[in-house]
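A look at the structure
The lines below spell out each chain.
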Amino acid sequence: MPGFSGGAVTRSTLRQQIADALRDEVLAGRLQPGQEFTVKEIADQYGVSATPVREALVDLSAQGLLDADQHRGFRVHAYSVDDFRGMIEARALVTDGMFHALTDGPMAHLQPDAPPVTAALAGVRRRGEEAQRAALAGEVTVLIGYDLRFWRELGSVFGNPYLTDFLHRLRVQTWVCVVQRLRRLPDLRGHLWAAHTDLVDALVSRDTDAARAIVESYDAHALSLVEGLTDGGVGKGPAPGSAQGEPPAPGADTLS
């Protein structure tokens, strides 16, 4: 079936494996917005029975990645710019709450050099470094994997699994919306956000004002680029600096 790579599955349950495989296809842009398929087509593609496929597709529909049609099967959801604005606003509220917890919430008593905090943030930083390398190279598929892990692990530092899961779901949806448009650019170098470790540094030093500024700049330029690509342009606006603190090239835009 066109659009499916049909890679081997390795996850613990068939239902989860199929859901993960299809989610990866959507995130990679190999399944296009509006593309339709049936339970039977997916079952035949992976050589499995219809039941776990149907369950996986229902799961992805509940996550907002697919639309279900009683008579035609399923299709990849096409996100609008208004959808993206709503996602950006929602995740901004979540991240602002995370930063607030560092200074006035349940994590305010923790010291940045406390062993649990140090170990957790070291892992987040490693993920951020990998994400930065992929972003600077324009390797969006690699970036998505590391970026999602970066934010999931950063959310986990705050000890609230509901917050972590909600933020992860938002970030998957925003990436799907972004990927549906990024394919219009011939070269992604200089367009992908690469300030992950800057954010970690700000949080380690409890500089929540700097952290908020980094995220606000990131969100503003992501929205600018998506709006520009939706209109057929390249989404102009001064991009935030690189992870090394150097100014971006003139006219550059960033997204991640």
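These remarks concern the structure in this document.

Cut-off values and rules
Residues numbered from 1 in each chain as written. Predicted model: local features only at pLDDT ≥ 70, side-chain atom pairs only at ≥ 80, totals over all residues. Heavy atoms only, no water. Helix = DSSP H or I, 4+ residues; strand = E, 2+ residues; numbered from the N terminus. Buried < 20%, exposed > 50% of the residue type's maximum accessible area, 1.4 Å probe, protein only. Contact = heavy atoms within 4.5 Å. Areas by Shrake-Rupley, 256 points an atom, 1.4 Å probe, with all protein chains shown as cover. Pairing = 2+ DSSP bridges. Axes fitted to C-alpha atoms, helices over the stretch in contact; angles between N-to-C directions. Expected span 1.5 Å × (residues − 1). Arc of directions from axis to C-beta. Salt bridge = Lys/Arg side-chain N within 4 Å of Asp/Glu carboxyl O.

1. Some details on the overall build of the protein chain
Along the backbone of the protein chain there are nine helices and three strands. Its helices and strands taken in sequence order, the protein chain reads α-β-α-α-β-β-α-α-α-α-α-α from the N to the C terminus. Counting only residues that meet the buried cut, the protein chain has 46% of its 256 residues in that class. Nonlocal contacts in the protein chain, meaning residues at least 24 apart in sequence, comprise 69% of its contacts between residues at least 6 apart. Accessible area for the protein chain stands at about 12100 Å²; split by element, carbon and sulfur atoms hold 54% of it.

2. Some points on the sheet that holds strand β2 (residues 66–69)
Across the sheet, three strands lie side by side as β1-β3-β2; this open sheet has antiparallel pairing. Looking along the sheet, the strands with just one partner apiece sit at the ends: β1 (36–37) and β2. Judged from the four bridges that link them, β2 and strand β3 (residues 73–76) form a sheet pairing that is antiparallel. Its bridge partner being in β3, leucine 66 is matched across the sheet by valine 76. Contacting β1, β2 and β3, helix α3 (residues 50–62) crosses the sheet at an angle of about 120° to β2.

3. Thoughts on helix α6 (residues 140–156)
In this model α6 runs 24 Å from its N-terminal to its C-terminal C-alpha over 17 residues, within 8% of the 24 Å that 1.5 Å per residue would give. Restricting attention to buried positions, one finds in α6 the residues Val140, Leu143, Ile144, Asp147, Leu148, Phe150, Trp151, Leu154 and Gly155. Looking straight down α6, one finds that the buried residues subtend no more than 160° of arc, so they occupy a single side.

4. Considerations on the pattern of salt bridges
Proximity of charged atoms lets side chains of opposite charge pair with each other. Per the stated rule, a full pass over the model turns up 18 salt bridges. We note a salt bridge from arginine 23 to aspartate 20, for which the minimum N-O separation is 2.7 Å. Here arginine 23 and its partner aspartate 20 are both found in helix α1 (residues 14–27), three residues apart, which amounts to about one turn of the helix. What makes aspartate 20 buried here is its relative accessible area of 9%. Residues arginine 212 and aspartate 96 are paired through a salt bridge, measuring 2.5 Å at the closest nitrogen-oxygen approach. Of the two residues, arginine 212 is situated in helix α9 (residues 208–230) and aspartate 96 in helix α4 (residues 81–103); the sequence distance between them amounts to 116 residues. Taken together, the shared-partner salt bridges in this structure form one network comprising Arg15, Glu55 and Asp59.

5. Brief notes about the environment of arginine 127
Summarising the element assignment, arginine 127 is placed in helix α5 (residues 115–137). For arginine 127, a relative accessible area of 17% corresponds to the buried category. C-alpha of arginine 127 to C-alpha of phenylalanine 150: the two residues are 23 residues apart in sequence and 5.3 Å apart in space. Sequence-distant contacts of arginine 127, defined by excluding residues within four places in its chain, comprise Tyr146, Arg149, Phe150 and Glu153.

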